[in-house]
Amino acid sequence: MKTTALLANNLHQVYFGGNWTASNLKDQLEDITLEMATKPIKGLNTILALSFHIHYYLKGTMAVLKGGDLTIRDKYSFDHPNLKTEDEWQTFKNTMWEEAKEFISLIEKLDDHTLETFLAEEKYGTYFRNLVGIIEHTHYHLGQIAIVKKLVSKIN
């Protein structure tokens, strides 16, 4: 199996399920309301902020896979939209799922040799480093979402 297919599968699993940890982003966010997603808890990032942050890097890297420039910057990675309605929250989540599927498809189409080349610029490292980083980053913040969800659920 190609390494790109394995990476695409790992990303798919952390977003949609079937991974070793038995936790995924879609299931964790499924029953979260906008009120829960925006509820501040003890100085922690909100579920909305964490969800946006995770997806910010995926979407920014996807632009490069589509032939564009890497324009994302860390300082903007928590600048989530100010959602006001449940419909906006649902649309936000649906957009994340659709863009994740598109990104996964783009990874599958990459040649394994591309993984050894630099993503955008040498200072950002290789495609492999960045794609593995996105998977690790998503798992890390998924764990935070699970904890914040438990805390928020105890309050509601």
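The notes below deal with the structure included here. (Residues numbered from 1 in each chain as written. Predicted model: local features only at pLDDT ≥ 70, side-chain atom pairs only at ≥ 80, totals over all residues. Heavy atoms only, no water.)

**Description of the overall build of the protein chain**
Move 1: Each helix and strand counted, the protein chain has six helices and zero strands in total.
Move 2: Listing every helix and strand of the protein chain by position from the N terminus yields α-α-α-α-α-α.
Move 3: By the compact-globule yardstick of 15 Å for 156 residues, the protein chain fits well, its C-alpha radius of gyration being 16 Å.
Move 4: Judged by the C-alpha coordinates and their principal axes, the protein chain covers about 50 × 30 × 25 Å.
Move 5: Among the 156 residues that make up the protein chain, the fraction classed as buried is 45%. (Helix = DSSP H or I, 4+ residues; strand = E, 2+ residues; numbered from the N terminus. Rg over C-alpha atoms; globule rule 2.2 N^0.38 Å. Buried < 20%, exposed > 50% of the residue type's maximum accessible area, 1.4 Å probe, protein only.)

**Side note on the nonpolar core**
Move 1: The biggest cluster of nonpolar side chains holds 47 residues, and the ones touching the most others in it are Leu11, Tyr15, Leu25, Leu29, Trp89 and Phe103.
Move 2: Of all the elements in the fold, those that place two or more residues in this core are helix H1 (3–16), helix H2 (25–30), helix H3 (34–37), helix H4 (47–65), helix H5 (86–109) and helix H6 (127–155).
Move 3: No other element matches the eleven residues that H4 contributes to this core. (Core = buried A, V, L, I, M, F, W, Y, C linked by side-chain atoms within 4.5 Å.)

**A look at the packing of H1 against H5**
Move 1: Between H1 and H5, the shortest axis-to-axis distance is 8 Å and the interhelical angle comes to 165 degrees. As the angle between them shows, H1 and H5 are arranged roughly antiparallel. The element H1 and its partner H5 pack so that their crossing is left-handed. In this structure, H1 uses Thr4, Leu7, Ala8, Leu11, His12, Tyr15 and Phe16 to contact H5, whose residues at the interface are Met96, Trp97, Ala100, Lys101, Phe103, Ile104, Ile107 and Glu108.
Move 2: Grouping the constituent residues of the contact of H1 with H5 by class yields eleven nonpolar, two polar and two charged. (Axes fitted to C-alpha atoms, helices over the stretch in contact; angles between N-to-C directions. Parallel < 35°, antiparallel > 145°, perpendicular 65-115°, else oblique. Left-handed = near helix turned anticlockwise from the far one by under 90°. Contact = heavy atoms within 4.5 Å. Nonpolar A, V, L, I, M, F, W, Y, C, P; charged D, E, K, R; others polar.)

**With respect to the packing of aromatic side chains**
Move 1: Counted by the stated rule, this structure contains six aromatic pairs.
Move 2: Ring centres of tyrosine 15 and tryptophan 97 lie 6.3 Å apart, and the angle between their planes is 85 degrees; on these two criteria the pair is classed as edge-to-face. One end of the pair, tyrosine 15, is in helix H1; the other, tryptophan 97, is in helix H5, with 82 residues separating them in the sequence.
Move 3: The class for tryptophan 97 is buried, based on a relative accessible area of 7%.
Move 4: Relative to phenylalanine 92, the ring of tryptophan 89 has its centre 5.8 Å away and its plane inclined at 15 degrees; by these criteria the two rings are stacked. Of this pair, tryptophan 89 and phenylalanine 92 both sit in helix H5, three residues apart, roughly one helical turn.
Move 5: The structure contains a cluster of three or more aromatic residues connected by ring pairs, namely Tyr15, Phe16 and Trp97.
Move 6: Its guanidinium or amino end placed over the ring of phenylalanine 16, lysine 101 lies 5.6 Å from that ring's centre, counting from NZ or CZ. (Phe/Tyr/Trp six-rings, centres within 6.5 Å; stacked < 30°, edge-to-face > 60°. Lys NZ or Arg CZ within 6 Å of the ring centre and 35° of its normal.)

**A short note on the layout of surface pockets**
Move 1: When its volume is computed, the largest pocket comes out at roughly 350 Å³.
Move 2: Along the walls of the largest pocket sit 14 residues, with Tyr57, Ile72, Asp74, Tyr124 and Asn130 positioned nearest its centre.
Move 3: Those elements that place two or more of their residues in the lining of the largest pocket are H4 and H6.
Move 4: Among the elements that make up the lining of the largest pocket, the one with the highest residue count is H6 (five residues). (1 Å grid on protein atoms, 1.4 Å probe; cavity = no way out; pocket = protein on both sides within 12 Å on 5 of 7 lines; lining within 4 Å. Points joined across faces, edges and corners; volume = space filled by probe spheres on them.)

Without other data, these values stay purely geometric and don't point to any function.
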